[in-house]
Amino acid sequence: MYRYFNRISSRIAGPRALAPAPAETGHGKLWHCRCGQAVFFGNSLCLTCQAPLGYLPGNDLVSALSPGQAPGTWTLDSAPEAGAVRRCANFDTAAACNWLVPAGDPQPLCRACRLNRTIPDLSVPENNGYWLKVETAKRRLVAQLLNLGLPLVAKIEDEATGLAFDFVGTSMDGTRPTTGHADGLVTLDIKEADDAHREAVRQAMREPYRTLLGHFRHEVGHYYWDRLIAGSTWLEPFRALFGDEQQSYADALERHYQQGAPAAWAQQYVSAYATMHPWEDWAETWAHYLHMMDAVDTAQGFGMSGHNAGLDYVPFSPNNLYDPSHTSASAFLAFVNAWIELAGMLNELSRAMGQPDFYPFALPPEVIVKLHFIHLVVQGAGGKADEMLAIEGGGNESVVATDHGACPGAPQ
Ligand SMILES: [Zn+2]
Ligand SMILES: [Zn+2]
Ligand SMILES: [Zn+2]
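Presented here is an overview of the structure given in this document. Note that the coordinates shown come from a computational prediction; the quantities given were computed from them, not determined experimentally. (Residues numbered from 1 in each chain as written. Chains lettered and ligands numbered in written order. Predicted model: local features only at pLDDT ≥ 70, side-chain atom pairs only at ≥ 80, totals over all residues. Heavy atoms only, no water.)

## Considerations on the layout of surface pockets
Cut-off, in case you're wondering: The definitions used throughout rest on a 1 Å grid laid over the protein atoms alone, on which a cavity is an enclosed set of points accommodating a 1.4 Å probe that cannot get out and a pocket is an open set flanked by protein within 12 Å on both sides along at least five of seven lines; lining residues are those having an atom within 4 Å of a point. Grid points are joined across faces, edges and corners, and a volume is the space filled by probe spheres set on the points. Helix and strand definitions here come from DSSP, where helices need a minimum of 4 consecutive H or I residues and strands a minimum of 2 consecutive E residues; each element is numbered from the N-terminal end. Gly is placed with the polar residues, together with every amino acid not listed as nonpolar (Ala, Val, Leu, Ile, Met, Phe, Trp, Tyr, Cys and Pro) or charged (Asp, Glu, Lys and Arg).
The volume enclosed by the second largest pocket comes to roughly 600 Å³. Listing elements by their share of the lining of the second largest pocket, those giving two or more residues are helix H2 (195-204), helix H3 (212-229), helix H6 (278-301) and helix H7 (329-352). Residue composition of the lining of the second largest pocket, by class: 14 nonpolar, three polar and nine charged.

So this is what it looks like as structure tokens:
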């Protein structure tokens, strides 16, 4: 019953059986079937020509599939050189996974699904739908981590440094799980996939924004702090920028829930929660970095930009960067300013539809410094982050020095 839930290609352009597939741009989340039909990240079947489709992680490619030589194997029409593949073992489950696995891989599950240590109890009917939402968000997360070249290994492959997920509900004794991260294990309360529950928590916590993908991006931020910052040459620069993470986390948590965030938090932090402890500041800013990278990349793939929208804002300048002399500094600046323009435009579009703001945050200069620091860490670890910054048709050659940036779409 879940087979066609999230996995069929959308008919946005109608049948194009005779049209050649356009060249892929290398940006964004739009690919093409062998028949020319546009297909998306979550698709497993082309509605136009009925071709089976699958996503090959690492190559970041959705392709039509042709039967391989061995039973149960396939080759990718768009990348035959990738060799024989098979579907993830979670294809015909409520997780509806459309990812592919090299035919010779000993693991039955794909790079995303093998990260699961605990999945919800599927004998509870609503958990099937929750699990689908959770996996859909997680696949988006994992694809991005791989595209950035970040180290990603499952705990079943390396217990000490690997990553794993527990998707759990209320225990038999009525205890609710706490969403969080510890030693590479991300725990998610499955109720977070229930829209009504998540919205109620968002309001109670006075958060402007709360999503499954946001949870995942935040929690893996903690994981990558352990992997990339702890014990590395980044540790002292981290402390200089985010604060000393050796201060008591328990005391910080207590203080935060007793007193709330400092009054002027918005001048230095991306969220009120980020003020709680340097680890939370890192995880919150890291999550925003991943949001921005994915959104700008997706917009680029659709040829979309707010650059000519005439928005009234002061662009960020080189003195807002962590390292203005870095080779990618101007590209990063162009990326940040492209995001400000895009967010401003999309916030207005959301308001036109009576929806909450697309990006209900303001980015003060101090946060831009932290975002650039994170970018340098990610580039250093994966070597691919700079490639993702290629902004077309924008650029900020004419940026002016300023001490205060602003998000034109932020709540007034
Ligand atoms: Zn097709
Ligand atoms: Zn999978
Ligand atoms: Zn956290």
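Still more to cover.
## Some remarks on empty space enclosed by the protein
According to the stated counting rule, one finds two cavities of 30 Å³ or more in the structure shown. By volume, the second largest cavity amounts to about 70 Å³. Lining of the second largest cavity is provided by Lys29, Arg140, Ala143, Gln144, Asn147, Met293, Asp294, Asp297 and Met388. For the lining of the second largest cavity, the secondary structure elements donating two or more residues are helix H1 (125-147) and H6. With four residues, H1 is the largest single contributor of residues to the lining of the second largest cavity. Its residues assigned to classes, the lining of the second largest cavity comprises three nonpolar, two polar and four charged.

## Describing the pattern of salt bridges
The condition that has to hold: We count a salt bridge whenever a side-chain nitrogen from Lys or Arg sits within 4 Å of a carboxyl oxygen from Asp or Glu. Any residue under 20% of the maximum accessible area for its type is buried, any over 50% is exposed, and the rest in between are partly exposed; the area is computed with a 1.4 Å probe on protein chains only.
By the definition in use, this model includes 21 salt bridges. Salt-bridge contacts for arginine 114 lead to glutamate 157; the nearest nitrogen and oxygen are separated by 3.0 Å. Taken as a pair, arginine 114 in the loop between strand E7 (100-102) and strand E8 (116-118) and glutamate 157 in the loop between H1 and strand E9 (164-168) lie far apart in primary sequence, 43 residues in all. With a shortest N-O distance of 2.7 Å, arginine 117 and aspartate 166 are connected by a salt bridge. Here arginine 117, found in strand E8, pairs with aspartate 166, found in strand E9; they are 49 residues apart in sequence, far enough to count as distant. Note on arginine 117: relative accessible area 56%, which makes it exposed. Through salt bridges with shared partners, a single network forms among Glu236, Arg239, Asp244 and Glu245.

So yeah, pure geometry; function would need other evidence.
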